[in-house]
Amino acid sequence: MARRRYTPKLKAQVVLEVLGGEKTPGQVARAYGVHPNSVQLWKRHFVDRAPEVFAEETTVKEYERRIRDPEQLLGKKEVEIALLEDFLGRSG
């Protein structure tokens, strides 16, 4: 039997409904036709990763820096290659 795939939007909706506390995880699972273990797994994943939503902007800046540095290096290497090709009389 093939595994069903659920959209991130549906997973978030299910988890938020469980966290709302008006229904038990089992009731929510039945309402959406999802296995209760999946609901618990999604909830755990959601709660574990929630702090990332409120991470300091320095985290984003760090990722941007980690991307920018290799991009700059790549640009320099492309210029070097173009100069060498021009020096050697080759056209790229």
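Structure's up top.
Residues numbered from 1 in each chain as written. Predicted model: local features only at pLDDT ≥ 70, side-chain atom pairs only at ≥ 80, totals over all residues. Heavy atoms only, no water.

The next point concerns the overall build of the protein. Counting secondary structure elements, the protein contains four helices and zero strands. Order of helices (α) and strands (β) in the protein, N terminus to C terminus: α-α-α-α. Scaling as 2.2 N^0.38, a compact globule of 92 residues should have a C-alpha radius of gyration of about 12 Å, whereas the protein reaches 24 Å, well beyond that. Taking the principal axes of its C-alpha atoms as reference, the protein extends roughly 75 × 40 × 15 Å. Residues classed as buried in the protein amount to 10% of the 92 residues present. Partitioning the contacts of the protein with sequence separation of at least 6, the portion at a separation of at least 24 is 47%. If the 17 positive side-chain charges of the protein are averaged to one point and the 14 negative ones to another, these points end up 12 Å apart. (Helix = DSSP H or I, 4+ residues; strand = E, 2+ residues; numbered from the N terminus. Rg over C-alpha atoms; globule rule 2.2 N^0.38 Å. Buried < 20%, exposed > 50% of the residue type's maximum accessible area, 1.4 Å probe, protein only. Contact = heavy atoms within 4.5 Å. Lys, Arg positive; Asp, Glu negative; His and termini not counted. Charge placed at Lys NZ, Arg CZ, Asp CG, Glu CD.)

Moving on to the layout of surface pockets. Space inside the largest pocket adds up to approximately 330 Å³. Lining the largest pocket are Arg3, Arg4, Arg5, Tyr6, Lys11, Val34, His35, Asn37, Ser38, Leu41 and Trp42. Among the elements that line the lining of the largest pocket, the one with the most residues is helix H3 (residues 36–53), at four residues. (1 Å grid on protein atoms, 1.4 Å probe; cavity = no way out; pocket = protein on both sides within 12 Å on 5 of 7 lines; lining within 4 Å. Points joined across faces, edges and corners; volume = space filled by probe spheres on them.)

Time to look at the nonpolar core. Counting nine residues, the largest nonpolar core consists of Tyr6, Val14, Val15, Val18, Val28, Ala29, Val34, Val39 and Trp42. Every element with two or more residues in this core is listed here: helix H1 (8–20), helix H2 (25–32) and H3. Here the element with the most residues in this core is H1; it accounts for three residues. (Core = buried A, V, L, I, M, F, W, Y, C linked by side-chain atoms within 4.5 Å.)

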